[in-house]
Amino acid sequence: MSHSKPSASRKRKVEDEKKIFQSKWEVLYFFTSINETIICLICQQKVSVPKEFNVKRHYKTHQEKFEIYQKDKRIDKLNELKAKLKKQQNIFHFVNKPNELVVKASYNLAHLIAFHSRPFTDGEFIKNCLIKTAKILCPKKIKDFNNISLSRNTVAERVNDIVADLRSQLTKICKDIEAFSVAVDESTDVKDVAQLSVFIRGYNFKYEITEELLELIPMHGTTTGADIFLEIEKTLDKYELPITKLVSIVTDGAPTMIGLKKDLVRKLNEKIGKKINNFHCIIHQEVLCGKTIDLDYVIKRIASVVNFIRARGLNHRQFASLLNEIDSEYEDLPYYTEFLQDLAFLVDITKHLNELNIILQGKNKLVTTIFDYVRAFQTKLLLWERQIEQENLVHFETCKSMKLQDPNFMFSSYSKNINNIKQDFEVRFQDFKKCEPKFALFTSPFNFDIEKVEEDLQMELIELQCDSVLKQQFTDVGVPKFYSFLPPHQFPKMI
């Protein structure tokens, strides 16, 4: 005779009974509920299943002692037991709080060690420094400082936790990105390992900008365009970024990045199915423009002479003695006039280039703003070329100072050097020059000529330019935040 097995659906489960704590149990049985946990106020024991039978059975173990409390006295006793339990919990919280602060301190110090590229073994040294300081400033807290864990393994674990948390936050942000650009740079570390830096800049539907270092990828093999493409593809997949949302890329201009055959940009275009914007790093190009000054021989020859004189004490003493014998106005290491002129011009023009370089750097800068800085510098070059040709040195302080000391110094010939820099800027920034109409439309949509815009945008641009409310909004918030106020159904192509 066969026996049928009971079906799985008929098995009783505690969670299926959906028993909940009832407030009347507080007065009847001196029980309370904290975070869905049923606790006896008398002995602090927990009841796993919130059923009255279980609660009542437990109370019977204390009934003889607590049945004497009735009516108002019972309520007073209940409140007393509740206050006692709350006080105990506060004590536990107070005890745990220093431990939480110690762990927090450990994480913060580990972050500093990693941020400053210090070896993880420095953690123990830092801890010893803290203990020595605490003994002097706050002896009563010495125990807390001793409890800070900063061993090499602990620091490594903390750093890994921080990395995992940052990656999790960045992945969450990337899921909401509507479109993004990447900047790619390949360099070599001290161990001759190629390191590929991948930066991302994107915006979400609220036009909130995200600009972060996405990944630093060591490349132990070859670094061809195909290799770099595969690493970028893996990185984008890792952060759940669809490659179809990629709209532009910035590189260092190397052949592997923008060559004619198997370069990175070509492979990205093929993968996406359309041509994306490709730019050469604007700061890198600015540095290359500075190299057209072609006055390296000045530094090399001066350095050679100085090094020879300074190399041996005898050489230096004999040279100083020679200057003294001929009653030279210089006490040590004079330079030829032409060298001084070249050096003065080099100091001034390098100062101007450095100022441009610094203003181009930094986070959260729009490409339109950066290109404005470059255009302003090109205009300055035109002015400087004309002025220095006329011996007007108002913007070249070192040269001006020399000319005040000796009017025989002439600087008009350096207009050619400025002209060379100007021409190099024009050549190197052609890719940005081509995008100038798009930049103008983005930054000044209300002043842009309708006939110069692409035909599929003309109707939306007319509606935009005639909307007085949006025009005021543009004046109030500026770009790029203004575009978050455009209704998607009315301006689908402009946003």
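Residues numbered from 1 in each chain as written. Predicted model: local features only at pLDDT ≥ 70, side-chain atom pairs only at ≥ 80, totals over all residues. Heavy atoms only, no water.

Turning to the sheet that holds strand S4 (residues 177-188), a few remarks are in order. Reading across the sheet, the five strands line up as S6-S5-S4-S7-S8 and stay open at both edges, with mixed pairing between neighbours. This sheet does not close on itself; its edge strands, each paired only once, are strand S6 (209-219) and strand S8 (277-280). Averaged over all pairs of adjacent strands, the angle between their axes in this sheet comes to 20 degrees, without regard to strand direction. Looking at chain direction, strand S7 (residues 246-251) and S8 are connected through four bridges and run parallel. Of the residues in S8, the one forming a bridge with Thr-251 is His-280. The sheet contacts of helix H9 (residues 225-238) involve S4, strand S5 (194-204) and S6, and relative to S6 the element is tilted by about 130 degrees. (Pairing = 2+ DSSP bridges. Helix = DSSP H or I, 4+ residues; strand = E, 2+ residues; numbered from the N terminus. Axes fitted to C-alpha atoms, helices over the stretch in contact; angles between N-to-C directions. Contact = heavy atoms within 4.5 Å.)

At a closest axis distance of 8 Å, the pairing of H9 and helix H11 (residues 264-272) adopts a crossing angle of 50 degrees. As judged from the angle between their axes, H9 and H11 are oblique. Note on packing geometry: the crossing formed by H9 with H11 is right-handed. Across the interface between the two elements, Gly-225, Ala-226, Ile-228, Phe-229, Ile-232 and Glu-233 of H9 pack against Leu-264, Lys-267, Leu-268 and Lys-271 of H11. Of the residues that constitute the contact of H9 with H11, the class distribution is six nonpolar, one polar and three charged. (Parallel < 35°, antiparallel > 145°, perpendicular 65-115°, else oblique. Left-handed = near helix turned anticlockwise from the far one by under 90°. Nonpolar A, V, L, I, M, F, W, Y, C, P; charged D, E, K, R; others polar.)

Applying the stated criterion across every chain, the model contains 23 aromatic pairs. If you follow Arg-158 out to its NZ or CZ, it ends over the ring of Tyr-107, 4.5 Å from the centre. (Phe/Tyr/Trp six-rings, centres within 6.5 Å; stacked < 30°, edge-to-face > 60°. Lys NZ or Arg CZ within 6 Å of the ring centre and 35° of its normal.)

When two helices pack together, their arrangement is given by the angle between the helix axes and the distance between those axes. Look at helix H16 (residues 367-389) against helix H20 (residues 436-443): their axes get within 10 Å of each other, and the N-to-C directions meet at 120 degrees. Taken together, H16 and H20 sit at an angle that is classed as oblique. Note on packing geometry: the crossing formed by H16 with H20 is left-handed. Contacts between H16 and H20 involve Val-367, Thr-368, Phe-371 and Arg-375 on the former and, on the latter, Glu-436, Phe-439, Phe-442 and Thr-443. Grouping the amino acids of the contact of H16 with H20 by side-chain chemistry returns four nonpolar, two polar and two charged.

The subject of this paragraph is the environment of Cys-43. As for its position among the elements, Cys-43 is in the loop between strand S2 (37-40) and strand S3 (46-47). For the pair Cys-43 and His-62, spaced 19 residues apart in sequence, the C-alpha separation works out to 9.1 Å. Other than its neighbours up to four places away in sequence, Cys-43 contacts His-58 and His-62.

Next up on the list: helix H22 (residues 468-477). For H22, the capping residue at the N-terminal end is Asp-467, with a side-chain oxygen 3.1 Å from the backbone nitrogen of Val-469. Two residues or fewer past H22, Gly-478 is found with a positive phi of approximately 70 degrees. (Polar contact = N/O pair within 3.5 Å; in protein donor to acceptor, adjacent residues only side chain to side chain.)

Among the secondary structure elements, Arg-152 is positioned in helix H8 (residues 152-174). Here the alpha-carbon distance between Arg-152 and Ala-110, two residues 42 residues apart in the chain, equals 9.8 Å. In this structure Arg-152 touches Phe-120 and Thr-121, once residues within four positions along its chain are discounted.

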